[in-house]
Amino acid sequence: MTDFSVFTAPGIDALRPYVPGKPIEELERELGLSGTIKLASNENPLGPSPLGREAAAAVMADINLYPDDSGFRLKGKLAEKTGLDTEQIVLGAGSSDVIDLVARTFLAPGRNAVFSQYSFAMYPIYTTAAGAECRVAEALPPDHPQMPYGHDLEAMAALVDENTRVVFIANPNNPTGTWLKKDALHDFLRRLPGETLVVLDEAYTEYVSEADFPDGREWLGEFPNLIITRTFSKIYGLAGLRVGYGMGDAGLIGLISRVRHPFNVSLPALAAAEAALDDEDFLRLSRENNDQGLKQLAAGFEALELAHIPSVGNFITVELRRNGGEIYQKLLENGVIVRPVANYGLPTHLRVTVGRPEENRRFLQVLEQVLPS
Ligand SMILES: *Cc1c(COP(=O)(O)O)cnc(C)c1O
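Residues numbered from 1 in each chain as written. Predicted model: local features only at pLDDT ≥ 70, side-chain atom pairs only at ≥ 80, totals over all residues. Heavy atoms only, no water.

**Q** Please explain the sheet that holds strand β13 (residues 349-353) as it appears in this structure.
**A** Within a sheet, adjacent strands bond to each other through the backbone by hydrogen bonds, running parallel or antiparallel. Across the sheet, which stays open at both edges, the four strands sit in the order β9-β10-β13-β12 with antiparallel pairing between neighbours. Taken across any chain shown, the strands that pair with only one partner, and hence form the sheet edges, are β9 (307-309) and β12 (339-340). The pairing of β9 with strand β10 (residues 315-319) spans three bridges and is antiparallel. What sits directly across from Ile-309, in β10, is Thr-317. Each of β12 and β13 touches helix α11 (residues 324-333); the most contacted strand, β13, lies at about 40° to it. (Pairing = 2+ DSSP bridges. Helix = DSSP H or I, 4+ residues; strand = E, 2+ residues; numbered from the N terminus. Contact = heavy atoms within 4.5 Å. Axes fitted to C-alpha atoms, helices over the stretch in contact; angles between N-to-C directions.)

See the structure below:
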């Protein structure tokens, strides 16, 4: 047998595949359960945007045709809503596709990317796949008064050198739910060398209502090295269709677009995303459900005398003070899927996506049952 690992491009052999949340169907098949709830992948518990869903259904008769490769209508609507030019927008099969495009355009052996400890698991995968070095800045300590486990911008800036082509920042961050304030992030961008790109990953931004939370789009004029990514997978409820987008300087977006696969966003995905952008009712309901769910879960953890990381995302990460993997298993056996985060360096935590009120309640009940007393 040939050992192909010796023939891989630099870094590939050392990669560990991304571990997704367990699908409901798979768990039910394995354990013979039914009525399982999944709070594992930060999906919208209210389902898809109704307007998006209808629009996708309406184009199903045409799926013999390739989608519009230019994404004319969706980009047009995004441009209209953001005040950007359509040339400043690139579409992706999810925003992770866009993040990968940036990595493939700008990272290579001899270059490096900087990101924080406890940040999104795809950053090291895309960086390594591009043959570049990962530079991981230590996060703020667990006992930090404002932002335990948060990004330490000083530590990140200290890792940037002349070979740093990309800094990845998730705001709010997954899996911690921590976030960066406007002034701090703006200062960081001002201090960064112009040839270092910043990918500001705003996958959860629509959930956040904090007054000093930044909208990166306001800075695109000031920082040509800034790229914002957003997604339809989270609040819009379209994770299964795979559609997201990046925004930035037109020249930069043009370069990134050169490595994009043709037709990377499917016909139903384009149609659904365009319609979902106008689904104000659904967005409002999703936000309300999330605000209440975060409170419900935080209160539940407190009642169980468990600490959690303060979160502004659609998920919350709880500290169990014991092996998270074991509790995860026991929750699974009781039909509740959450997310272990040992692979993020958090072996005693679990990440829970905010569900509907009855799902949150069920999760808290089962958690109480399976915690050793
Ligand atoms: C979910 C998520 C994304 C986007 O995922 P896509 O489905 O590919 O759009 C990007 N960044 C972070 C931090 C996420 O948690």
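Next comes the rest of the write-up.
**Q** Would you take a moment to explain the side chain of Glu-202 for this structure?
**A** You can see Glu-202 is positioned in the loop between β6 (197-201) and β7 (226-231). In this structure Glu-202 touches Asn-171, Pro-214, Asp-215, Gly-216, Ile-228, Thr-229 and Arg-230, once residues within four positions along its chain are discounted.

**Q** What's the story with the environment of Leu-192 in this structure? I'm lost.
**A** Mapped onto the elements of the fold, Leu-192 is located in the loop between α7 (182-191) and β6. Taking C-alpha positions, Leu-192 is 8.2 Å from Val-160, a pair spaced 32 residues apart along the chain. Apart from the residues within four sequence positions on either side, Leu-192 is in contact with Val-160, Val-167 and Val-198.

**Q** Is there a simple way to think about the layout of surface pockets in this case?
**A** Vacant regions in the atomic arrangement are exposed by a probe of water-molecule size rolled over the atoms. Considered as a void within the structure, the largest pocket measures approximately 500 Å³ in volume. If you trace the largest pocket, you find 26 residues lining it, with Tyr-18, Ser-41, Phe-120, Lys-234 and Arg-242 closest to the centre. Of all the secondary structure elements, the ones that give two or more residues to the lining of the largest pocket are α4 (95-106) and α5 (122-129). Along the lines of polarity and charge, the residues of the lining of the largest pocket split into 10 nonpolar, nine polar and seven charged. Taken together, domain 1 (4-47 + 280-370) and domain 2 (50-276) each give at least three residues to the lining of the largest pocket, which thus spans both. (1 Å grid on protein atoms, 1.4 Å probe; cavity = no way out; pocket = protein on both sides within 12 Å on 5 of 7 lines; lining within 4 Å. Points joined across faces, edges and corners; volume = space filled by probe spheres on them. Nonpolar A, V, L, I, M, F, W, Y, C, P; charged D, E, K, R; others polar. Domains from an automatic or database assignment.)

**Q** What's the story with the pairing of strand β3 (residues 112-116) in this structure? I'm lost.
**A** If a strand is regular, its side chains alternate between the two faces of the sheet. Where burial is concerned, most of β3 is hidden: five out of the five residues are buried. Here β3 shows two buried faces, one formed by Asn-112, Val-114 and Ser-116 and the other by Ala-113 and Phe-115. Pairing of β3 with strand β4 (residues 133-137) involves five bridges; the strand directions are parallel. Opposite Ala-113, over in β4, you have Cys-134 as the bridge partner. Once the chain exits β3 it traverses α5 before rejoining the sheet at β4, and the crossover so formed is right-handed. (Buried < 20%, exposed > 50% of the residue type's maximum accessible area, 1.4 Å probe, protein only. Right-handed = clockwise from strand over helix to strand, strands pointing away.)

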